[in-house]
Amino acid sequence: MTTPSLPSSSSEGLRNSLLRLSGIITAFLLTAIVLVIIGASPLDAANLIAQGAFSSPEKIAFVLTAWVPVMLCAAGLLLTFSAGMWNIGIEGQIVLGAIFATGVMRILQNSAPPAVVLVLAALAGLLGGALWGVLAGVLKLYGNVNEIFGGLGMNFIASSLTVYLVLGPWKRPGIGSTSGTAPFPPKLWLPAFNGFQVSPVEPALAVIAILAVFLALRGTYFGLRLKAIGKNLRSAYLAGVPTDRYLLLAFALCGGLAGLAGWVLVCGASARHNLFPLISSGYGFLAILVVLLANLSAVWSVPISFFFAAIAMGSLQLSLQRQLDSSLGGVIQDLLVLSILVTQGLQARLAKKKG
Amino acid sequence: MKVELQKICKSFGSLKANDNVSLCVEAGTIHGLLGENGAGKSTLMKVLTGFITADSGQILLDNVAVQVTSPVEAIQRGVGMLYQDPLDFPALTVLDNFVLGCPGGVRLDRAAARRALQTLAAQFDFTLDPDAAVSALSIGERQQLEIVRLLWLGARALVLDEPTTAISAQQKAKLFGALRKLAEQGKTVIFVSHKLEEVEELCHEVTVLARGRVTGQAHGPYSAEQLVRMMFGQVVTLRKRTPVPLGEPVLQLDDLTISDWRLEVKGLNLTIRAGEVIGLAGLEGSGQRLLLQAASGLRHPTSGKVSICGKDLTGQPYINFLNAGVSFMPAGRLEEGLIAGMTITEHVALAQRSREFVVNWQQAERSAAQRIKDYNIKGRPSSYVEELSGGNQQRTLLGLLSSQLNLLLMEHPTRGLDLESSESIWGLLLERTRHGTAIMFASADLDELLDRSDRILVFFSGRVAAAVEAPSTSAEQLGELIGGRGV
């Protein structure tokens, strides 16, 4: 398994972009075929998805509620991927962030001002995700556990932990139900403008995160060293890069950003405002796909993650208005990923043949 | 089988690896393909055996033009190739390896294969135990296995790519005997080498390649001077080095014992002074690498003391050695030295080990341009290191070293480089010794060891068998010491 490499020149970059575009077109054609097979009109479906995602500012705000956690995770993953690590444990890191945030809010909700509670919960979310990330890194570095398997295992532990908390210590008064812990009162929801389902705080955090990662990878020694580690750990070590420390730092930062996403999923304006099993909703895995499709480019990961969020939210209209299953959105996303990965593979083959 | 290559051209990017190369080898002869590293020998042979496709030109086998598009097709047509590193399956037994490439049905006739293996091996006086694991075999024995395997598959022409690099003198004699026998049987042997004396000893005819072109052809008996002129254009006389006044001790090893899973170097005492050059000779894996790793802080000794510039650094992390002005340049330039996928500028920025947060790319690029000039690197600051040639990669590595080095440790500093590149690299290295850097390097090149070192430590199976003064040692003496004689 290899990590995708950064495009190495501008003309190659252009070719990459063109290929990526052809991959997207292929994906749409395949989706159209699927729709025709189940007896729906592809144009109608596309129209519905677009309507559902973009027809009004409120709809766009709704798309942002999905975009924010994906973007936060993708920003973190850009760091771990640059360092050559497959941080599959990102889902668990989201969950741990949500657990830590919920814990802090439960303890403080009646004793501190809401703003203070929210900020402390955010920091706790960061911490929880970071700890879970560092643990995957420690297992990798000192326990010789491949980060993919370690992360996968820790995802299971994280979701089991949620179930335990929801049914055990944090169960609702009276009955414990897997639908989650008791919801927090509206004063502990991130504030949003009337009619909008996203708080300005949420996209602001995502923008800050991706911008910071972009700048770090482009212009700092931290980013340069991560890249060196990712491309050749041994050479980087011999050149004097403290590789262990940087790898753990990458895991910590990625986990921290995922944990922050977990916090958003607990107290975001349109969240369910409690902790429930599967709270990570696959956003972490989706972010992995985003970063792979963006070929580790911070710039590309922004539109790609937004596009995915739009499809996810827009396709909800399919079930509302045409009694089509909204999981069609997932089908479209997955076809996109596959066809683009195939085009990337073809491109690598072409490049090899040429060389 | 008569093997003929006509007007073969093959380019990699702007590099013409083969430029109109023609070669004709009659059946029953051993033909030498001689040239320095990078002359185009391997490319030509890879074209012949279907590993790569030529841009133009054709291949004739027994006067019939053929297309060879894969190694499988090559062996079906009777052309087998023995690679420098054996392409076998170490986990399997000799017999399993022997039958592995065998085409044909579902049923595996092990008994017949065993008989064939034993008959063929006996014919060439090879001792191959069919049930031994290949991982337990020496490189020489693995070559023997590969030769009988190719013959069993029906090879009528055999290409050997630098087969003597890693085998003992005894195995070499056996190999040469086998090749002569093959020629007597009417088979064709193409022997690729950059070693003059082997070609002189073995080959009926020789073709010399240099920079992708044929620069000459000759029959035996050969004049060594003539061959050298074909290889290098002119006879190179090595520069005699002017002695550098030695300074304070830079590296001091007291009663050092170092070990890895297969080898232990015991009770090593050594002092190197500023400006001194120490060569480490010996067969690969005799302990030189352990010493270099211990001196660079990459491996902690089991006992004893390592001091750098009078400071005891035993057991301290690698980074402390780096900070003490010790640098290690390993043999694998793109494996352990440079980072493929990064530019020279990025390497320069990385090598600065800056404590700042933000990279000053303009300054890094200026610095990269300066080093490219100083170290005569053919490349631009934005060049990716994997695009550079071997010599330029090595010069880049040198250019990345800190200017204030106390001790430079190197493995095979000029391996795979042509004479001109080696010269320029040693020029740069000796320049550093004049500024007080001590150098300790391991090499398999006797001339390099003798010409560049002040002192040579000869390793033989985990101990320093001898320590000699380079200027008063001859190549013959050194060769005998490396082989474990004369001690």
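Position labels on residues start from 1 in each chain and follow its written sequence. Lettering of chains starts at A and numbering of ligands starts at 1, both following the order in which they are written. Totals for whole chains, interfaces and linings use all residues, but because this is a predicted model, local features are given only for residues with pLDDT of at least 70 and pairs of side-chain atoms are given and counted only at 80 or more.

Participant: Just to check I follow, could you spell out helix α8 (residues 221–231) of chain A for this structure?
Facilitator: Residues lying three or four places apart along an α-helix face the same way, a consequence of the helix completing one turn every 3.6 residues. Counting buried positions along α8(A) yields nine of eleven residues, so the element is predominantly enclosed. For every residue, the other C-beta atoms within 10 Å of its own C-beta are counted; 20 or more classify it as buried, 12 or fewer as exposed, and values in between as partly exposed. C-beta atoms are placed from the backbone. Numbering goes from the N terminus for both helices and strands, where a helix is a DSSP run of H or I of at least four residues and a strand is a run of E of at least two. Buried within α8(A) are the following residues: A:Gly223, A:Leu224, A:Arg225, A:Leu226, A:Lys227, A:Ala228, A:Ile229, A:Gly230 and A:Lys231. Packed against the buried residues of α8(A) are α3 (57–82), α7 (201–219), α9 (233–238) and α10 (243–267) of chain A together with α12 (344–351) of chain B. The contact criterion used is a C-beta to C-beta distance within 7 Å, with each C-beta placed from the backbone.

Participant: Mind showing me how you'd approach the domain arrangement of chain A here?
Facilitator: By convention, interface size is frequently given as the accessible area that disappears when the constituent parts associate. All names here are of chain A. Residue ranges assigned to each domain were obtained from an automatic or database domain assignment. Partitioning chain A into domains gives domain 1 (12–40 + 326–350) and domain 2 (57–323). Between the C-alpha centres of domain 1 and domain 2 there is a distance of 26 Å. Contacts between domain 1 and domain 2 engage nine residues on the former and eleven residues on the latter. Here the side of domain 1 that touches domain 2 gets six residues from one element, more than from any other, and that element is helix α14 (residues 328–354). Here the nonpolar group is Ala, Val, Leu, Ile, Met, Phe, Trp, Tyr, Cys and Pro; Asp, Glu, Lys and Arg are the charged ones; every other residue, Gly included, is treated as polar. Looking at the side of domain 1 that touches domain 2 residue by residue, the classes come out as five nonpolar, four polar and no charged.

Participant: Before we go on, may I ask you to explain the domain arrangement of chain B in this structure?
Facilitator: Domain parsing of chain B yields domain 1 (3–232) and domain 2 (249–482). Measuring from the centre of the C-alpha atoms in domain 1 of chain B to the corresponding centre in domain 2 of chain B gives 34 Å.

Participant: It is not clear to me how the packing of α3(A) against helix α11 (residues 283–293) of chain A should be interpreted in this structure. Could you clarify?
Facilitator: All names here are of chain A. Axis definition: a line fitted to C-alpha atoms, limited for helices to the stretch in contact. Angles are taken between N-to-C directions and run from 0 to 180 degrees. Where α3 meets α11, the axes come as close as 8 Å, and the angle between the chain directions of the two elements is 55°. By the angle class used here, α3 and α11 are oblique. In this structure, α3 meets α11 at a crossing whose hand is right-handed. Of the residues in α11, those touching α3 at Pro69, Val70, Cys73, Ala74, Leu77, Leu78 and Phe81 are Tyr283, Gly284, Leu286, Ala287, Ile288, Val290 and Val291. Residue composition of the contact of α3 with α11, by class: 13 nonpolar, one polar and no charged. Angle categories are assigned with fixed cut-offs, so that under 35 degrees is roughly parallel, over 145 is roughly antiparallel, 65 to 115 is roughly perpendicular, and the rest are oblique. Rotating anticlockwise by less than a right angle from the far helix to the near helix defines a left-handed crossing, while the corresponding clockwise rotation defines a right-handed one.

Participant: Looking at this model, I keep getting lost on unusual backbone geometry. Mind explaining?
Facilitator: Most peptide bonds are trans, and most residues other than glycine sit at a negative phi. Residues and elements named next belong to chain B. Of note in this structure, Cys309 is not a glycine but carries a positive phi near 50°. When you line up the elements, Cys309 lands in the loop between β14 (303–308) and β15 (311–312). The class of Cys309 is partly exposed, set by 17 C-beta atoms lying within 10 Å. Positive phi outside glycine occurs at His412, with the angle close to 40°. Summarising the element assignment, His412 is placed in the loop between β17 (407–411) and α15 (419–434). Residue His412 is classed as buried on the basis of its C-beta count, with 21 C-beta atoms lying within 10 Å.

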